[in-house]
Amino acid sequence: MHAVSPAGEQAATQRQTGTETEAGAESEAGTRSGAEALRPHAENAFADELAALAAADDRPRPERWRLSPWAVATYLLGGELPDGTVITPKYVGPRRIVEVAVSTLATDRALLLLGVPGTAKTWVSEHLAAAVSRDSTLLVQGTAGTAEEAIRYGWNYARLLAEGPSRRALVPSPVMRAMQQGLTARVEELTRIPADVQDTLITVLSEKTLPVPELGEEVQAVRGFNLIATANDRDRGVNELSSALRRRFNTVVLPLPETAEAEVDIVSRRVGQIGRSLGLPPVPDGAAEIRRVVTVFRELRDGVTADGRTKVKSPSGTLSTAEAISVVTGGLALAAHFGDGVLRPGDMASGILGAVVRDPASDRTVWQEYLEAVVRERDGWKDFYRACREVS
């Protein structure tokens, strides 16, 4: 078996797709600029911060990394550079979690971000790849229908039938391209991928090679390559990782925000970013409603009120920070387009009901009991109680 040199393989790939690349170069450049993208990739949305960090970064960098591990952590956690440039936090949580994640990527072990739904696994994965490789697009989205070709490689069947197996007919996966170029690949929702397809990664992560038996060759990863996977074990349709595959990862568990203040801060930041990207006008005095949504979600999640005096039942859903962001963003749109521009309880009630009541049979009872036992008796929450009663 012959090894395929990264330069030769890359050149072959470029020849294979040269026509399409040239034809679509202008539109791709426009998309990558982020000017018209509804949600720009992290490396485009925060290009100024990444450039400022690179200019100020005088620490050692692993091979093919665009920033040093210290600068990558600063990019995620936020800070201020010597020239006064402010780096906005991308992740609000324990610093040690980010440091362990970044240092893992600087070794030969892959990184598994594990946590319940809504703990920013995908968000952290994207920003890590953007900071390390300045490219977060080498992505495999895991589903129950993800095939082995999505992780290894596929074939251009027209060329395959015309020419037989050849490099021109081979279609590299995002993982293969990351191996060839020394970049960071991402696999989202690893535990949703069928177990036999998951194990395709074992050779890639242990031997750092991807055999192509049809050509009698292999693709060897160049320095700088690594892989970030995300997974949770709470949703339906989860396929447990084999022990052999799990050993190839260093697992970092992303927790839910420890305090209400931290969660309010996260929701406020993300709602502001999403609102600006959607062109929504700013809604003043929204902090009180954001705090109210966070309080409701945390109490139902924890099964007890914030003061610890009243136990409540928890619904079937996770009521994550991501869902709180969605509820507030929906309320912001209602207030901006159909209200008086002020975020009010009536703008939030329908979104909260939809987030809490996932199972109409059991969750509706949980929600009604919470409204009557907690919300109704809470000072300053009368408007919120009436709004929730109306939509319920």
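Predicted model, so just to flag it, every value in this text is computed and none were measured.

So, about the nonpolar core. If you look at the biggest cluster of nonpolar residues, it comprises 37 residues, and the most contacted ones within it are Val296, Phe297, Ile352 and Trp367. Counting only elements with at least two residues in this core, the list comes to α14 (260–277), α15 (287–302), α16 (321–338), α17 (345–356), α18 (363–375) and α19 (382–391). Setting aside anything within four residues of it in sequence, one finds Trp367 in contact with Val296, Leu300, Ile352, Leu353, Val356, Val357, Cys388 and Ser392. Trp155, Leu183, Ile193 and Ile202 belong to the second-largest nonpolar core, a separate cluster that totals 34 residues.

In this section: the packing of α15 against α17. Viewed as axis vectors pointing N to C, α15 and α17 meet at an angle of 25 degrees, and their least axial separation amounts to 11 Å. Taken as axis vectors, α15 and α17 run roughly parallel relative to one another. Between α15 and α17 lies a crossing of right-handed hand. For the pair α15 and α17, contact is made by Glu289, Arg292, Val293, Val296, Phe297 and Leu300 and by Pro345, Met348, Ile352, Ala355 and Val356, respectively.

Inspection of the entire model under this criterion finds four aromatic pairs. Ring centres 5.9 Å apart and planes at 25 degrees place the aromatic pair Trp367 and Tyr370 in the stacked group. Of this pair, Trp367 and Tyr370 both sit in helix α18, three residues apart, which is roughly one turn of that helix. For the pair Trp381 and Phe384, a centre-to-centre distance of 5.4 Å together with 85 degrees between the ring planes defines the contact as edge-to-face. A relative accessible area of 11% means that Trp381 is categorised as buried. Above the ring of Trp123, the side-chain terminus of Arg270 is found at 4.1 Å from the ring centroid.

Okay, α18 next. Every buried residue of α18 is accounted for by Asp363, Val366, Trp367, Tyr370, Leu371, Val374 and Val375. Looking down the long axis of α18, one finds its buried residues gathered within 135 degrees of arc, a one-sided arrangement.

In this section: unusual backbone geometry. Phi is positive for Glu189, close to 55 degrees, though the residue is something other than glycine. Not every positive phi belongs to a glycine, and Leu319 is a case in point at roughly 50 degrees.

A few words on the layout of surface pockets. Estimates place the volume of the largest pocket at around 530 Å³. Of all the secondary-structure elements, those providing two or more residues to the lining of the largest pocket are α7 (121–133), α14 and α16. Take the lining of the largest pocket: its biggest share by element is six residues, from α14. When its residues are assigned to classes, the lining of the largest pocket shows 14 nonpolar, six polar and six charged.

Counted according to the given criterion, the structure contains one cavity of 30 Å³ or more. The space that makes up the largest cavity amounts to roughly 40 Å³. If you trace the largest cavity, you find it lined by Leu76, Tyr91, Ile97, Val98, Ala101, Leu113, Val124, Leu128 and Leu254. Listed by contribution, the elements that provide at least two residues to the lining of the largest cavity are α6 (95–105) and α7. Of all the elements, α6 adds the most residues to the lining of the largest cavity, at three residues. Residues of the lining of the largest cavity, tallied by class, amount to nine nonpolar, no polar and no charged.

For the rest of this paragraph, the subject is the pattern of salt bridges. A full pass over the atoms with the stated rule returns 25 salt bridges. Linking Arg64 and Glu63 is a salt bridge whose minimum nitrogen-to-oxygen distance equals 3.7 Å. The exposure class of Glu63 is partly exposed, given its relative accessible area of 46%. Here Arg192 makes a salt bridge to Glu189, at a shortest N to O gap of 3.9 Å.

The rules we used
Residues numbered from 1 in each chain as written. Predicted model: local features only at pLDDT ≥ 70, side-chain atom pairs only at ≥ 80, totals over all residues. Heavy atoms only, no water. Core = buried A, V, L, I, M, F, W, Y, C linked by side-chain atoms within 4.5 Å. Buried < 20%, exposed > 50% of the residue type's maximum accessible area, 1.4 Å probe, protein only. Helix = DSSP H or I, 4+ residues; strand = E, 2+ residues; numbered from the N terminus. Contact = heavy atoms within 4.5 Å. Axes fitted to C-alpha atoms, helices over the stretch in contact; angles between N-to-C directions. Parallel < 35°, antiparallel > 145°, perpendicular 65-115°, else oblique. Left-handed = near helix turned anticlockwise from the far one by under 90°. Phe/Tyr/Trp six-rings, centres within 6.5 Å; stacked < 30°, edge-to-face > 60°. Lys NZ or Arg CZ within 6 Å of the ring centre and 35° of its normal. Arc of directions from axis to C-beta. 1 Å grid on protein atoms, 1.4 Å probe; cavity = no way out; pocket = protein on both sides within 12 Å on 5 of 7 lines; lining within 4 Å. Points joined across faces, edges and corners; volume = space filled by probe spheres on them. Nonpolar A, V, L, I, M, F, W, Y, C, P; charged D, E, K, R; others polar. Salt bridge = Lys/Arg side-chain N within 4 Å of Asp/Glu carboxyl O.

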